[in-house]
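Descriptive structure summary
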Amino acid sequence: MGIPVIGCDCEVCQSTNPCNKRLRSSVLLTIDGKKILIDCGPDYRFQALQYDIRTLDGLILTHSHYDHTAGVDELRVYVMRNKQPIPCLLGHETLRDLEQRFYYLFNTDDKSDVLKAKFDLQILKDKRGMTEFLGIKILYTSFEQAGMRVNGFRFGNLAYISDIRKFDEIIYEDLKGLDTLIISALRFTPSHLHFSIDEAVAFIQRCGAKKGWLMHISHEVEHLHANAYLPENIRMAYDGLEISFSPGEF
Ligand SMILES: [Zn+2]
Ligand SMILES: [Zn+2]
């Protein structure tokens, strides 16, 4: 929902600590000078202005839910400026949904609409594997959130796993030997859609990642309070956080 939640007077929504102000989860990667956005939620225009994202070389989508895709139409500004479509990496199930949610952007059957030239689609058909996107080696894996397939991505020693709830044990193979694991956790109490904070901690530790960052946090979690609770190698992510990583290492 983003924090503050509309009309909420709770302690976190009223907090003046900037770390308690959370726009919808998204990450911008810079690899070999190329800028790749993972997920593009309803806050994208504001995020692009705030962090001065003037160019974009590629878009990766984890799944089709509103909080991860509602901003895709905002990317038209880059298409208009560069006069070429944005390469977009996504799973075939995500595409199937987006063909309905954004029929005028993603429906590959109807060629009549000029707006469709906005995305150059690279579709992942398997549940997991290796691919190359913009010449960059990417490991992709998948898991489930309430019956929906979601993709996670690994770039060398860093992985981004959002909206994970149900998964196969094989994912631990895909995420072995990471320096950094960025993963969603909603709140302390259980949820049928997301890991709780304890579940995310257990997952990070089982993967053996040196460092874990929790994101996709609800207003039930106060930033400093959660950081005091977490083990030393796991921290709460926050808007504007920057992390260095080595995309070439596998
Ligand atoms: Zn609140
Ligand atoms: Zn989400």
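Conventions and cut-offs
- Residues numbered from 1 in each chain as written.
- Chains lettered and ligands numbered in written order.
- Predicted model: local features only at pLDDT ≥ 70, side-chain atom pairs only at ≥ 80, totals over all residues.
- Heavy atoms only, no water.
- Donors = N, O, S within 2.8 Å, 3.2 Å for Na, K, Ca; no water.
- Tetrahedral: all angles 85-135°; square planar, octahedral: opposite > 155°, others 65-115°.
- Helix = DSSP H or I, 4+ residues; strand = E, 2+ residues; numbered from the N terminus.
- Buried < 20%, exposed > 50% of the residue type's maximum accessible area, 1.4 Å probe, protein only.
- Phe/Tyr/Trp six-rings, centres within 6.5 Å; stacked < 30°, edge-to-face > 60°.
- Lys NZ or Arg CZ within 6 Å of the ring centre and 35° of its normal.
- Domains from an automatic or database assignment.
- Contact = heavy atoms within 4.5 Å.
- Buried area = accessible area lost by both parts, 1.4 Å probe.
- Salt bridge = Lys/Arg side-chain N within 4 Å of Asp/Glu carboxyl O.
- Pairing = 2+ DSSP bridges.
- Right-handed = clockwise from strand over helix to strand, strands pointing away.

A few words on the coordination of the zinc ion (ligand 2). Within the first shell, the zinc ion (ligand 2) binds the protein through D67 (OD), H68 (NE2), D163 (OD) and H216 (NE2), at distances of 2.1 to 2.2 Å. Relative to the metal, the four donor atoms surrounding the zinc ion (ligand 2) lie at angles of 88 to 162 degrees, and the coordination shape comes out irregular. Expressed as a motif, the donor residue spacing for the zinc ion (ligand 2) is D-H-x94-D-x52-H. Here the residue H68 occupies a position in helix α2 (residues 66-69), and H216 occupies one in the loop between β11 (211-215) and α8 (223-229), the gap between them amounting to 148 residues. For the pair H68 and H216, a shared accessibility class is recorded, and that class is buried.

What follows covers the coordination of the zinc ion (ligand 1). Binding of the zinc ion (ligand 1) to the protein goes through C8 (SG), C10 (SG), C13 (SG) and H219 (ND1), at separations of 2.1 to 2.3 Å. All donors of the zinc ion (ligand 1) belong to a single chain; written as a sequence motif, their spacing is C-x1-C-x2-C-x205-H.

Tallied over the full model, the rule gives nine aromatic pairs. Measuring from centroid to centroid gives 5.2 Å for Y172 and F203, while their planes differ by 35 degrees, and the two rings are tilted. Of this pair, Y172 sits in helix α6 (residues 171-174) while F203 sits in helix α7 (residues 197-207), and the two are 31 residues apart along the sequence. On the numbers, 5.2 Å between centres and 90 degrees between planes, the contact of F188 with Y229 is edge-to-face. Here F188, found in the loop between β10 (180-184) and α7, pairs with Y229, found in helix α8; they are 41 residues apart in sequence, far enough to count as distant. By relative accessible area, which is 27% here, F188 ends up partly exposed. According to the relative accessible area criterion, Y229 is partly exposed, its value standing at 44%. Taken together, the ring pairs in this structure connect F167, Y172, F195 and F203 into an aromatic cluster. One Lys or Arg, R206, reaches over the ring of Y172 and ends 4.0 Å from the middle of that ring.

With that settled, consider the domain arrangement of the protein chain. Domain annotation for the protein chain reports domain 1 (23-125) and domain 2 (127-250). Of note, the centres of domain 1 and domain 2, computed from C-alpha atoms alone, are 21 Å apart. Listed per partner, the contact involves 33 residues of domain 1 and 25 residues of domain 2. Around 2,400 Å² of area is buried between domain 1 and domain 2 when both sides are counted, 68% of it from carbon and sulfur atoms. By the criterion of area lost to domain 2, the three top residues of domain 1 are I31, T62 and L124, representing 21% of everything that side buries. Our count for the domain 1 to domain 2 interface comes out at one salt bridge.

This next bit is on the pairing of β10. With five of five residues buried, β10 lies mostly within the body of the structure. The pairing of strand β9 (residues 158-161) with β10 spans four bridges and is classified as parallel. The residue bridging A159 from the neighbouring strand is L181, located in β10. Of the pairings in the sheet, the one linking β10 to β11 comprises five bridges and is parallel in character. Considered in β11, the bridge of I182 is made with W213. Following the chain from β10 across α7 to the adjacent parallel β11, one finds a crossover that is right-handed.

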